Amino acid sequence: MARRYDPERRQRIIDAAIRVVGSHGLAGLSHRSVAAEADVPLGSTTYHFKTLDELMVAALRQANEGFAKVVAARGGLEDQGADLATELAGLLGEWLAGDRTGVELECELYLAALRRPTLRPVAAEWAEDLAERLGRHTDAVTARALVALMDGICLQVLLTDGVYDEEYAREVLGRVIPSGAR
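Residues numbered from 1 in each chain as written. Predicted model: local features only at pLDDT ≥ 70, side-chain atom pairs only at ≥ 80, totals over all residues. Heavy atoms only, no water.

J.: Help me understand the state of the cysteines in this model?
T.: Covalently bonding the sulfur atom of one cysteine to the sulfur atom of another cysteine gives a disulfide. Going through the model one piece at a time under the given rule, you end up with zero disulfides. Unpaired in this structure, C107 has its nearest cysteine sulfur neighbour in C154, at a distance of 5.9 Å. (Disulfide = S-S within 2.5 Å.)

Now the structure itself:
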């Protein structure tokens, strides 16, 4: 039997993994559940991703792109004259206003790095990239503090099933940013 050429299979497997985690959490993720969701043979998932950690790394990397796309689309972090607190609060608002399942999934994969060391470098990429962008407006310590505060605000909204309060976020972010920083 000839092997069927399927250049999109790897991507379909990653997309399926994201859907599985989105609907069943990390506990529901297995090669078998992903193969069923992607409608591919089980061997395809293990061919492209030898371990579940490899699959989670690919899924987390793709999920990280969600926030990066919001940052790029707004473009405010590239503007040295922008009010940083207002821009960051707006970024969080846009991200949290999007697909809630996607935001929850990204956070779940991000937090999975606590127990899965192979995920840590990918989780750190997001924080380091954002801190680097913020470092163009303020010092490195403040940039890292802003990333941590944004993480905390997102987790509070998700864990309490609350509504994002952009004005509150702008206020607390502004308290961390030194006067004169842009």
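Still more ground to cover, so stick around.
J.: Explanation requested: the side chain of T142 in the structure shown.
T.: As for its placement among the helices and strands, T142 is situated in helix α8 (residues 140-160). T142 has contacts with V176, I177 and P178, leaving out every residue within four places of it along the chain. (Helix = DSSP H or I, 4+ residues; strand = E, 2+ residues; numbered from the N terminus. Contact = heavy atoms within 4.5 Å.)

J.: Teacher, can you tell me more about the environment of V34 here?
T.: Along the chain, V34 turns up in helix α2 (residues 31-38). For V34, a relative accessible area of 0% puts it in the buried group. In this structure the C-alpha to C-alpha distance between V34 and I18, which are 16 residues apart in sequence, comes to 8.9 Å. (Buried < 20%, exposed > 50% of the residue type's maximum accessible area, 1.4 Å probe, protein only.)

J.: I'm lost on the packing of aromatic side chains in this one. Help?
T.: Two aromatic rings are characterised by how far apart their centres lie and by the angle between their planes. Under the defined criterion, the tally for this structure stands at one aromatic pair. Ring centres of Y110 and W126 lie 5.7 Å apart, and the angle between their planes is 80°; this geometry places the pair in the edge-to-face category. Of this pair, Y110 sits in helix α6 (residues 100-112) while W126 sits in helix α7 (residues 120-134), placing them 16 residues apart in sequence. (Phe/Tyr/Trp six-rings, centres within 6.5 Å; stacked < 30°, edge-to-face > 60°.)

J.: Looking at this structure, how should I read the pattern of salt bridges?
T.: Proximity of charged atoms lets side chains of opposite charge pair with each other. The tally for this structure, following the rule as stated, stands at 14 salt bridges. Among the salt bridges present, the one from E37 reaches R19, with a minimum N-O distance of 2.7 Å. Taken together, the residues span a long stretch of sequence, with E37 in helix α2 and R19 in helix α1 (residues 9-24) at a distance of 18 residues. The class for E37 is partly exposed, based on a relative accessible area of 39%. A relative accessible area of 40% places R19 in the partly exposed class. Ionic pairing is found between D129 and R133, a salt bridge with its closest N-O pair at 3.3 Å. Separated by four residues within a single helix, D129 and R133 lie in helix α7, roughly one turn from each other. (Salt bridge = Lys/Arg side-chain N within 4 Å of Asp/Glu carboxyl O.)

Remember, this is a structural readout, not a statement about activity or role.
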